[in-house]
Structure formats: structure tokens, C-alpha cells
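Structural features, examined
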Amino acid sequence: MSKQIVMDHTGDSRHAFDANDQAAVAIAEKRFEELTGKGFTAAAKKAGASESTVIRKFDPTAEETIFIPRLQGG
Amino acid sequence: MHCALRAADRAFRGILDRYAYDQISAPSLRRIYHHRLPHGREWEFVAKFTDDRSHAWRIDYRDFLGAPPLFKANVESELTRLFSRVFEDHFATQMMASERRMFEEFAATTLDQNEINRRRTALLEREEEVRSVHQTGAPSHMVEISTAGMNNRRDYDRFVFAELDRQNWLATNPPIIRPGMEYVNESDDVRMSVLYGMQMAWHSGDVGSKEAQKRAEKLLLEWLSPPQRHQYLKEKSFDVCGGESGKTYRIRHGRQMNIDELDKAGKKVCTWCFLPEGQCPAGDVMLAQKIAIENFENKALATANRFGERSVFSERRAATWERMRSVDDASDWQWGVAPNPTS
């Protein structure tokens, strides 16, 4: 199962989907587009790996994709 | 309100602890008195500290008719200013004591009498400057009263309010107005240190429920590399390599002002501050900072605020005196007037 993790005030919200299920992938892609459209940055990593890569396009093969809200100076 | 005051008190003691300054003699708030004046339009507030100094101020209730939250916010704001001032005084005292000790150590180990005299003069000038800037005058709109030796509540009340009547508040005896903490001259290291330390203490805390904090920390640990995870579990901080510059950054547990840029020797160069929008808990913030530095360092730092090394954080404080003394304070700001950033 692939996971989309969205950072928020509760820690995070997780959305799991099966990469072989076309309908689930379409929903996940729509979520990706919506969040990045709002200014979230998406970063993906393989399961168990520690290196993450920022992605601009939806990658259904990524095991975990994290969505970071827009950054601001503190 | 008491919660906010306790937090301020904790933050202040944290700063003192950070610099190994004396916490025992640090004043703390003993009691806040307030009563409504007979004509019913104003409230008098008196805050008494353990160093036998009290500060009094009045609030006109008519300014807040129909808006009790604003009234509460005003009282909190005045108290915060008062706390800042009392902390600042104590910090300045401790700092000067520390600088005097450094001078005495230097004088005891050096034979160069000219250098000793030069440093003594510089120290005396600095003490006078700190005394005049940081240890004189109450915050604006407040009156300072010495209440040493008054422990009986009734005597105390009678004395304080009689004293206020005698002074007829600001009309006949205006206090020396000190600029609020919002006006900070960059060369003023006492105020910068207090402000910086307070910000660090207040903002390094976490937000959200305990469950949210645990959840965020779990996510962080899942995304850290094994060495980073090991370092974080041991030290509550981890090192990240900048993806574009190759520089090393240390991310400390916290949400703000928690990214230290390190030089090749591992010494702090400066502090960076950026975080994701919204009230994400510290674990999420640290993870966002790690991903940003590793993947789009320059873009992230372009949005960040940079905080330079201040003299009190430096091991070479004595050398910094000289630099500070060369700054002509009068040229770039006046009391009560915000410095002009373009001058």
C-alpha cells in the first residue's frame, strides 16, 4: 500500500491507497494536484529509505509521499 | 493570565540558566493587586516583585466597554512589558557582573598596565551605559515604588496607594519613559539577548495536543536517516547537509529559531528560522525543515529569517565590547523612536 501523508495541526493525516487500483490511484492523484495547487510541497521516499526527493508530478510508485505546507520565515 | 506569567517566568529563568547566570536572586512576581477607583472609571494595578519593588499603572475601563477580552489583553500586555523590564534589569546586572569578573581575571594575569587601564575605562563606560539604559526608569505609563520591608498587606496597600496619590501619577511625577521591547537597537546586546532568549524559550515549545506531538515525532523518526535518528534520540537535535551548498545545519527540537548553521569546525555561525504555515507540531516542523534543506536549500533560506551571533553567545565577549563601543548609538536612534532602518 502507498501512503500520502499530509502535515497538519493533528500531526498528520494519512491516506493509503493501492497502486494497482486505478480508481484509488485517480483519487490519490487528484489529492496530489489539489494539495500542490494550494502551495504544499510534495516529497517522496521509498519505504525504509531515508532519502527523500521533492516531486512535482504525481508518482503512484512512491511508497510514501509527504505534503508540507508552504514555508514561511519565523 | 497566570499561565502566561508562569511561562514568562520560566522563559526568563531558562535564559539565565543558558548563560549560567544567577537564578536565585532573580526577581519573581509575588502578587498582583488591583482595585477599582471610587469614581469607577479606572482600575489600579500594582505588581509586587520579590526584590521589593512594585510597579503600578492605571487602566481606564471606559476604553474597553463592551470588550472584556480587550481589557484582559491590555492587562496581559502591560504585565508582559513589566516582566520584560524586570528581567532586563536583572539580566543586565548579571551580565555586568560577568564582564567585571572577566576583566578582573584579565587584570590578574596581564602585566601590560596600559591595556589594563584601557579595559578598565571601557568597563566603567560600559557599566554606566548599561545602568543608564537598562536600569533606570519604569516602562511608560507605570510608576515604580520601593516597598522594601513592607510585608503587611494592609500597610502595603495603604502605602502604595497613598504613594500613588502623592505622586498624582504621571501628571506631577512623570516616569522616565523607556522604549518598549519592540524598539531594539541591534548594538544593544542586553536587550537583544533578553529578547532573543525569550523568543527562543517561548517559541521552542511545541503546539497541539500531546497525541499530535507524539504523532509528529513518530513521523519525524520514520523519515530521519539512521545516524540522524540516533543523534536526535540522544541529543534532541540532528545534523542535515545542505543539498545545494554542502553546509551543515543542526536542527534542534523546536518550531522556531531552531536551525543552526555550523562551520567546518562545528561552531555555530548563525541561526535560521523558517517553518511550515499552520500550527504543525514540532516533529512536523523539524521534518519539513530537514526536507527543505536537503532538497531546496536556497529557496528555503530565501524565505527564512537569519539571526546573527550576538556577543553574549560568543566566547570572545571582551573583543565584542570594542566593536560595540565604536557604534554611535545616538546616530541611529532616539529613546521612544523606532530606529530608521534606512539610515
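Scroll up a little and you will see the structure.
All values reported here derive from a predicted model rather than from experimental measurement.

Turning to the overall build of chain A, a few remarks are in order. On a plain count of helices and strands, chain A comes out with one helix and six strands. Secondary structure elements in chain A, listed N-terminal to C-terminal, are β-β-α-β-β-β-β. Taking all 74 residues of chain A together, the buried fraction comes to 46%. Long-range pairs, those at least 24 residues apart, make up 47% of the contacts in chain A between residues at least 6 apart in sequence. Carbon and sulfur atoms provide 50% of the accessible area of chain A, an area that totals close to 3900 Å².

A few words on the overall build of chain B. Counting its secondary structure elements, chain B contains eleven helices and nine strands. For chain B, long-range pairs separated by at least 24 residues make up 60% of all intrachain contacts whose partners lie at least 6 apart in sequence. Carbon and sulfur atoms make up 51% of the accessible area of chain B, which totals about 17600 Å².

The next point concerns the interface of chain B and chain A. Much of the literature gives interface size as the accessible area that the parts lose upon coming together. At the interface, 32 residues of chain B touch 25 residues of chain A. A buried area of about 2400 Å², summed over both sides, lies between chain B and chain A, and 59% of it is on carbon and sulfur atoms. By the criterion of area lost to chain A, the three top residues of chain B are Arg215(B), Trp223(B) and Glu277(B), representing 28% of everything that side buries. Where chain B packs against chain A, one counts two salt bridges.

Residues and elements named next belong to chain B. The two faces of strand 7 (residues 259-262) match: Ile-259 and Glu-261 on one face and Asp-260 and Leu-262 on the other face are all buried. For strand 6 (residues 248-252) and strand 7, the ladder comprises four bridges, and the chain directions are antiparallel. The partner of Arg-250 across the bridge, within strand 7, is Asp-260. Between strand 6 and the antiparallel strand that follows it, strand 7, lie six residues; Gly-254 among them carries a positive phi value of about 155°. Taking the residues that link successive antiparallel strands as the turn, the strand 7-strand 8 (residues 268-276) hairpin has five residues, and the phi of Gly-266 there is positive, at about 85°.

Here we take up the environment of Gly208(B). Residues and elements named next belong to chain B. Relative to the assigned elements, Gly-208 resides in the loop between helix 6 (189-203) and helix 7 (210-223). For Gly-208, a relative accessible area of 46% puts it in the partly exposed group. Taking the C-alpha atoms as reference points, Gly-208 and Cys-280, 72 residues apart in sequence, are found 7.3 Å from one another.

Here is a general trend for soluble globular proteins: nonpolar side chains tend to be buried in one another's company. Core analysis: the largest hydrophobic core is formed by 34 residues, its most contacted members being Ile66(A), Leu71(A), Phe238(B), Phe274(B), Leu287(B) and Ile291(B). The greatest single-element share of this core, amounting to eleven residues, is contributed by helix 9 (residues 282-303) of chain B. Beyond its immediate chain neighbours, meaning those up to four positions away, Leu71(A) contacts Phe274(B), Leu275(B), Pro276(B), Ala288(B), Ala292(B), Phe296(B), Ala300(B) and Thr303(B). Ala24(A), Val25(A), Phe40(A) and Ala42(A) belong to the second-largest nonpolar core, a separate cluster that totals 14 residues.

According to the stated counting rule, one finds four aromatic pairs over all chains in the structure shown. Taking 6.2 Å as the distance between ring centres and 40° as the angle between the ring planes, the aromatic pair formed by Phe17(A) and Phe58(A) counts as tilted. On the criterion of sequence distance, the pair formed by Phe17(A) in strand 2 (residues 11-17) and Phe58(A) in the loop between strand 4 (53-55) and strand 5 (64-68) is long-range, its members being 41 residues apart. Accessibility classification places Phe17(A) together with Phe58(A) in one group, the buried group. Members of the aromatic cluster, each reached through a chain of ring pairs, are Phe17(A), Phe32(A), Phe58(A) and Phe67(A). Positioned above the aromatic ring of Trp223(B) is the side chain of Lys45(A), whose terminal nitrogen or guanidinium carbon lies 5.1 Å from the ring centre. It is Lys299(B) that lies over the ring of Phe296(B); its NZ or CZ is 5.6 Å from the centre.

Right, let's talk about the sheet that holds strand 4 of chain A for a bit. Taking strand neighbours across the sheet as the criterion, the five strands line up as 2-1-5-3-4 (chain A) in an open arrangement whose pairing is mixed. What marks the edges here is a single partner per strand, and that holds for strand 2 and strand 4 of chain A. Between one strand axis and the next, the sheet turns through 30° on average, direction left out of account. Across three bridges, strand 3 (residues 41-45) of chain A lies against strand 4 of chain A in antiparallel orientation. When the sheet's bridge partners are listed, Ala44(A) is paired in strand 4 of chain A with Thr53(A). Relative to the sheet, helix 7 of chain B contacts strand 1 (2-8), strand 2, strand 3 and strand 5 of chain A, its axis offset from that of strand 2 of chain A by approximately 60°.

In this structure the tally under the stated criterion is 15 salt bridges over all chains. In this structure, Glu64(A) and Lys45(A) form a salt bridge, with 3.8 Å as the shortest nitrogen-oxygen distance. In this pair, Glu64(A) sits in strand 5 while Lys45(A) sits in strand 3, placing the two residues 19 residues apart along the sequence. With respect to burial, Glu64(A) and Lys45(A) carry one shared label: buried. In this structure, Arg250(B) and Asp239(B) form a salt bridge, with 2.7 Å as the shortest nitrogen-oxygen distance. Residue Arg250(B) is located in strand 6, and its partner Asp239(B) is located in strand 5 (residues 237-241); the two are separated by eleven residues in the primary sequence.

Conventions we followed
Residues numbered from 1 in each chain as written. Chains lettered and ligands numbered in written order. Predicted model: local features only at pLDDT ≥ 70, side-chain atom pairs only at ≥ 80, totals over all residues. Heavy atoms only, no water. Helix = DSSP H or I, 4+ residues; strand = E, 2+ residues; numbered from the N terminus. Buried < 20%, exposed > 50% of the residue type's maximum accessible area, 1.4 Å probe, protein only. Contact = heavy atoms within 4.5 Å. Areas by Shrake-Rupley, 256 points an atom, 1.4 Å probe, with all protein chains shown as cover. Buried area = accessible area lost by both parts, 1.4 Å probe. Salt bridge = Lys/Arg side-chain N within 4 Å of Asp/Glu carboxyl O. Pairing = 2+ DSSP bridges. Core = buried A, V, L, I, M, F, W, Y, C linked by side-chain atoms within 4.5 Å. Phe/Tyr/Trp six-rings, centres within 6.5 Å; stacked < 30°, edge-to-face > 60°. Lys NZ or Arg CZ within 6 Å of the ring centre and 35° of its normal. Axes fitted to C-alpha atoms, helices over the stretch in contact; angles between N-to-C directions.

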